[in-house]
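The primary structure of each chain is shown beneath.
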Amino acid sequence: MNRLPRCFCFLFMLVVVGHAYAAAPDGARLYAQHCAVCHGDSGTGGVGVPLALPGFQASVDDAYLHETIRRGRPGRVMPAFTRLSAAEIDAIVGHLRGWRKNTVAPTFATTRIRGDVHKGAALFAQHCASCHGDQGQGGHGTGVTFSRPRDLPIIAPALNNPGFLAAASDSQIKATLMRGREGTPMVSFLKQGLSEQDIDALVAYVRSFAATAASAQPATAIDDEPAMLMMESPYTLEETVEAVKRAAVGKNFRLIRDQILEDGLFPAGQQNTRQVMVYFCNFKFLYDALALDPRVGLFLPCRVTVVEREGKVLVMSINPKRLSHLFNNAALDRACDEMYKLYEEILEEATL
Amino acid sequence: MRRLLRGVLVLLVCAVAVGARAEDLLMARSHAQFEESMAALQQAIGAQGYTLSRVQRVDIGLTASGFTTDKYRVVFFGKPAEIRALSADHPDLIPYLPLQIAIFAEGDETLLIAANPVHLTAAYTDPELGAVFARWEQDLRAILDAVRQAE
């Protein structure tokens with residue numbers, strides 16, 4: 001019996017030592033593991049913003065980068081890396097800085113900048129809203145593939161995002177407004193004719209977004225949503241498949257194909273033919289969804305599966321609302337809400 | 001002594017749980033161009049013991065409808081006997097069968113994305129399925145690693 005506690009202690013030590021080893025702050029390794037897939041191996045950007053851009057590196061401090069990694073951008077694709085320790089995040093920041101050794105990383109004071117919020121609101125509408133959105137919600141989409149031409153390296157950030165507001169100091173926002181960000185469409189507003197007082201007003205207005213930033217959080221958790229939608233059909237499998245097709249076409253989808261689940265997995269003649277997948281697509285919707293997030297093609301084109309089982313015919317699909325949570329993309333959440341309603345309607349119509 | 005043992009156990013479980021928290025999406029970047037990455041993906045799927053079921057050419061449909069797009073495919077695959085058994089025992093899992101990986105060009109490089117099957121664990125609570133999802137996660141990671149290293 002004495003051996004058992006010793007064994008557990010040994011196991012516990014193994015886990016603790018294992019974690020400590022895994023947490024060894026090797027910035028390059030951590031970057032490759034967590035960041036490179038979106039931001040590119042050398043920070044040239046892609047789904048994520050180009051972190052190596054000199055204009056970006058020169059206008060953000062290490063605290064901003066650290067907080068951005070820690071908190072992410074809720075609803076704007078960039079996840080919160082809550083599992084990384086402070087030392088690991090610092091190591092990643094150090095790695096990012098290594099790309100631009102000639103660029104001196106700025107440091108910004110954390111003191112609040114006072115300004116006239118009402119004046120800031122008017123200036124924002126006039127000078128900023130066209131890129132950052134009328135509520136500071138940022139530009140649309142992500143990724144170079146669908147949503148922006150390759151000569152535009154960056155999408156206007158969401159200034160009303162709680163992650164941004166927590167990461168960016170007033171001084172940093174002010175410095176960006178005054179100097180602009182070279183290599184991006186963000187220009188110097190001093191050069192555009194604004195005074196320092198105007199810029200302080202803009203900073204105060206951007207900071208005022210914090211009051212409404214909490215509403216940007218997703219209203220539901222992933223586990224509140226069922227994984228799939230399912231209805232029972234009163235018709236035969238063949239009739240139901242045809243009904244699904246009619247319902248999809250009635251919702252402006254184009255039929256792609258119908259296919260047996262086991263197609264390609266078993267030779268013809270040995271397949272279970274009572275599990276039929278109907279694929280359909282609205283290419284405009286698909287294109288728009290891919291512009292919001294090029295990764296979402298993973299769950300496209302649309303599919304409804306009709307299954308005959310124990311004398312019952314079931315019609316089922318994924319639940320887009322649940323899957324949307326995987327992408328941390330509020331714009332995509334809205335598209336998936338729409339898709340959810342369409343799936344529901346198709347399932348209902350096919351089983352009426 | 002029992003208290004100590006219980007404390008150690010609780011700490012051990014917590015430590016393992018923290019270490020095991022899953023990412024929602026499994027992603028990989030290949031430095032190879034799309035065609036090479038696609039070939040590597042199909043090879044990796046086979047090497048991991050899966051059968052390719054179908055390749056959905058998303059870009060072809062988009063282009064035919066007048067939209068400009070880079071190369072974009074969705075690759076479906078599974079282990080035939082496993083898909084048959086799961087669809088028979090757990091018909092409510094069918095919308096998630098077979099497994100799939102999206103692959104698309106990003107300039108001269110290629111991105112690959114898969115949903116982490118472990119995200120289904122909360123909805124499908126059968127422990128047997130939990131083990132299947134965990135194994136799929138490992139297999140998907142191995143496939144993505146193989147494509148990444150194939151360049």
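Residues numbered from 1 in each chain as written. Chains lettered and ligands numbered in written order. Predicted model: local features only at pLDDT ≥ 70, side-chain atom pairs only at ≥ 80, totals over all residues.

> Help me understand the environment of Ala121(A) in this model?
Residues and elements named next belong to chain A. Position of Ala121 relative to the elements: it lies in helix α7 (residues 117-127). Accessibility expressed as a C-beta count within 10 Å gives 16 for Ala121, which makes it partly exposed. With 21 residues separating them along the chain, Ala121 and Arg100 place their C-alpha atoms 35 Å apart. (Helix = DSSP H or I, 4+ residues; strand = E, 2+ residues; numbered from the N terminus. Buried ≥ 20, exposed ≤ 12 C-beta atoms within 10 Å, placed from the backbone.)

> What exactly am I supposed to notice about the sheet that holds strand β2 (residues 51-57) of chain B here?
Through backbone hydrogen bonds, the strands of a sheet pair up, either in parallel or in antiparallel fashion. Residues and elements named next belong to chain B. Pairing within the open sheet is antiparallel, and its five strands lie in the order β1-β5-β4-β3-β2. In this open sheet, the two strands that pair with only one neighbour each are β1 (25-30) and β2. Between one strand axis and the next, the sheet turns through 20° on average, direction left out of account. With five bridges connecting them, strand β4 (residues 99-106) and strand β5 (residues 109-115) associate as antiparallel partners. Pairing of Ala105 across the sheet is with Thr110, part of β5. (Pairing = 2+ DSSP bridges. Axes fitted to C-alpha atoms, helices over the stretch in contact; angles between N-to-C directions.)

> Please clarify how the packing of α7(A) against helix α11 (residues 196-208) of chain A should be interpreted in this entry.
If you want to describe how two helices pack, look at the angle between their axes and the distance between the axes. All names here are of chain A. It is the contact of α7 with α11, at a shortest axis distance of 7 Å, that shows an interaxial angle of 95°. Classified by the angle their axes make, α7 and α11 are roughly perpendicular. Contact residues: Val117, Lys119, Gly120, Ala121, Leu123 and Phe124 in α7; Asp198, Ala201, Leu202, Ala204, Tyr205 and Ser208 in α11. Classifying every residue of the contact of α7 with α11 by side-chain character gives eight nonpolar, two polar and two charged. (Parallel < 35°, antiparallel > 145°, perpendicular 65-115°, else oblique. Contact = placed C-beta atoms within 7 Å. Nonpolar A, V, L, I, M, F, W, Y, C, P; charged D, E, K, R; others polar.)

> What's the story with the pairing of β4(B) in this structure? I'm lost.
Residue and element names in this part refer to chain B. Along β4, eight of the eight residues are buried, which leaves the element largely enclosed by surrounding structure. Alternating residues of β4 divide into Leu99, Ile101, Ile103 and Ala105 and Gln100, Ala102, Phe104 and Glu106, and every residue in both groups is buried. In terms of strand pairing, strand β3 (residues 72-78) meets β4 through six bridges, oriented antiparallel. Across the sheet, residue Phe76 finds its bridge partner in β4, namely Gln100. Linkage of β4 to β5, two consecutive antiparallel strands, is achieved through a turn of two residues, within which Gly107 is found at a positive phi near 65°.

> Is there a simple way to explain the domain arrangement of chain A in this structure?
In many reports, interface size means the accessible area that the parts give up when they come together. All names here are of chain A. Segmenting chain A into domains produces domain 1 (23-214) and domain 2 (222-351). Computed from C-alpha atoms alone, the centre-to-centre distance between domain 1 and domain 2 is 38 Å. The partner domain 2 presents 11 residues to the 12 residues of domain 1 that form the contact. Here the residues of the side of domain 1 that touches domain 2 sort into four nonpolar, seven polar and one charged. (Domains from an automatic or database assignment.)

> What should I look at first to understand unusual backbone geometry in this one?
Most peptide bonds adopt trans geometry, and most residues besides glycine take a negative phi value. Residue and element names in this part refer to chain A. At the junction of Leu300 and Pro301, the peptide bond is cis and its omega measures out at 0° in the coordinates. Within the secondary structure, Pro301 is located in the loop between α14 (283-292) and β4 (302-309). We note that Glu310 has phi near 50°; this positive angle belongs to a residue other than glycine. The topology assignment puts Glu310 in the loop between β4 and β5 (312-318). The class for Glu310 is exposed, based on 6 C-beta atoms found within 10 Å. For Asn328, which is not glycine, the phi torsion reads 50° and is therefore positive.

> I tried to follow helix α6 (residues 86-98) of chain A on my own but got confused; where do I start?
Quick reminder: α-helices carry 3.6 residues per turn. Residues three or four places apart thus point the same way. Between the first and last C-alpha of α6(A) there are 18 Å, a value that for 13 residues agrees with the 18 Å anticipated at 1.5 Å per step. Taken as a whole, α6(A) has its buried residues at Glu88(A), Ile89(A), Ala91(A), Ile92(A), Val93(A), His95(A) and Leu96(A). (Expected span 1.5 Å × (residues − 1).)

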